[in-house]
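In case you want the letters, here they are:
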Amino acid sequence: MAEGRVHPDCINASNPYHECVDYCFRKIADAKAKMEKLNEEAAAAGGESSRANLGPYDRREDFLDGKLDMEKHEEEDEPEEPVPEVDMASLTGRQKKLFELRLKMNQARKANQTAMVNEKKKMEAPQESRGISKQKWIEERKKKIGKLLDANGLDMSKAYMLDTQDMAEQKYKKWEKDPAPYGWDVFNQKTLYDAYKKRTKNINVDLEEYNKMKEADPEFYRDASSLQYGKAPKVSEDKIDKMVQELKDRDEKRKSFSRRRRFRDEKDIDSINDRNEHFNKKIERAFGKYTLEIKNNLERGTALPD
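Per an unreviewed UniProt entry, the protein chain goes by Pre-mRNA-splicing factor SYF2 and derives from Kalanchoe fedtschenkoi. The UniProt entry for the protein chain carries the following comment under Subunit (unreviewed entry): "May be part of a spliceosome complex." UniProt, in the comment section headed Subcellular location (unreviewed entry), describes the protein chain in these words: "Nucleus".

Here's what the structure looks like:
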C-alpha cells in the first residue's frame, strides 16, 4: 500500500480516507482533455475565455457531472470491494494503524447496515400468523361500511339501514335474550324449571311403552289416598344406563365450567395481577384471623416504632 496515492485534482481529495484508483485517474484525464479541447476552441474563436484558466472540475457542470459519477462508482464498487491481502510485516507503524482503522470502518459500516435492516423489519407491521386479527377485521369492516354509507348519502348513525332481514333477526334475538341469573335468582322456580327443561331436552320419550305402562297400572297417576305409596314400576336396564350416562355428562360439564368472578370496585386492591390476587385469598383464609390485629395496626399507623 503506497502512501499519498491521492491526486490533488480528485473530487474526493479532501477525504483523508480516500485513495484514488484507476477510475479517478481516468476521470481526471478526461476532464483535462475536455478542458484542453475547450481552450483550443476558444483560442480558435479569437479570444481567451475566462473559463479556460479554470482548473479541472472547477466549472459547475463539470464538477457536478464528475461528483455524480464518482459517487455512483463508490456506491457500486465499495460494497463489493474485497479486502486486499496485505503483508503486515512489510508495513510501517503508520501504515498498520491506517489499515486497522479502515478495517474497523468497514466493520462499523456493515454493522450499521445490518441494524438499519433489522429496525426496518421491526417498524413494518408483522404478518398475521393465524388469519386476520379481530381488531383489524373490525377496522376494515368499519371502513367498508363507511364507504357504503357515503355512497348512499348516509352517516354512521344510519348504519342499520344496510342490514338484511337475516342480520336484523339475529340482532333482535341477541337483544331479547335474558341475562344470566345472579344471586338468589339462581334458586327461584323459573330458573329451576328452565334448568329442568334444558336437561330433558335430549331425552327421547317412547309413547307406546308409556301407554302400555299406563294401562297396566290402574293407579299410574296416584292420589293422596293411594296405598301404593313408595312403590315404583320396574324400570328397564337401558333407561337406567341412559340416566347414569346423563349424570356423568353433567358432572363432566360442571368440571369444565369456570365462570368469571365479578370485579368489585369498592374492595381494597392488595394484588398486582390475578394470580397474585388468588394467592392472597388463600393466605387470607389460612392466616387472616391471626394477622388481623397486625394489619389494623399497620393501617392505623399505631404499629410504627417510637
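So, next bit.
Caption draft 1: Structural view of helix H3 (residues 93-123). Across its 31 residues, H3 extends 45 Å between first and last C-alpha, which sits within 8% of the 45 Å expected from 1.5 Å per residue. Looking at H3, one finds that the buried residues are Gln95, Phe99 and Arg102.

Caption draft 2: Geometry of the pattern of salt bridges. All told, the structure shown has nine salt bridges when counted by the stated rule. Between Glu209 and Lys239 there is a salt bridge; the shortest N-O distance is 2.8 Å. One end of the pair, Glu209, is in helix H7 (residues 207-216); the other, Lys239, is in helix H8 (residues 237-256), and 30 residues separate them in sequence. A residue is classified by how much of its surface remains accessible, and Glu209, at 28% relative accessible area, is partly exposed. When its relative accessible area of 35% is taken as the criterion, Lys239 is described as partly exposed.

Caption draft 3: Main features of a nonpolar patch on the surface. A contiguous nonpolar surface patch, about 550 Å² in accessible area, is contributed by Ile203, Val205, Leu207, Tyr210 and Tyr221. Relative to the helices and strands, Tyr210 is located in helix H7.

Caption draft 4: Molecular detail of the packing of aromatic side chains. Inspection of every chain in the model, using the stated rule, returns three aromatic pairs. Between the aromatic rings of Tyr210 and Phe220, the centroid separation amounts to 5.6 Å while the plane-to-plane angle is 80°, which identifies the pairing as edge-to-face. Here Tyr210 is found in helix H7, whereas its partner Phe220 is found in the loop between H7 and H8, with ten residues between them in sequence. Exposure remark for Phe220: the relative accessible area of 25% places this residue in the partly exposed category. Ring plane angle 90° and centroid distance 5.2 Å describe the contact between Phe220 and Tyr221, whose orientation is recorded as edge-to-face. With relative accessibility at 55%, the residue Tyr221 sits in the exposed group.

Reading guide: rules and limits
Residues numbered from 1 in each chain as written. Predicted model: local features only at pLDDT ≥ 70, side-chain atom pairs only at ≥ 80, totals over all residues. Heavy atoms only, no water. UniProt positions renumbered as here; feature names shortened; annotations may be inferred. Helix = DSSP H or I, 4+ residues; strand = E, 2+ residues; numbered from the N terminus. Expected span 1.5 Å × (residues − 1). Buried < 20%, exposed > 50% of the residue type's maximum accessible area, 1.4 Å probe, protein only. Salt bridge = Lys/Arg side-chain N within 4 Å of Asp/Glu carboxyl O. Patch = residues over 30% accessible without salt bridge, like charges linked within 9 Å, V, L, I, M, F, W, Y side chains within 5 Å. Areas by Shrake-Rupley, 256 points an atom, 1.4 Å probe, with all protein chains shown as cover. Phe/Tyr/Trp six-rings, centres within 6.5 Å; stacked < 30°, edge-to-face > 60°.

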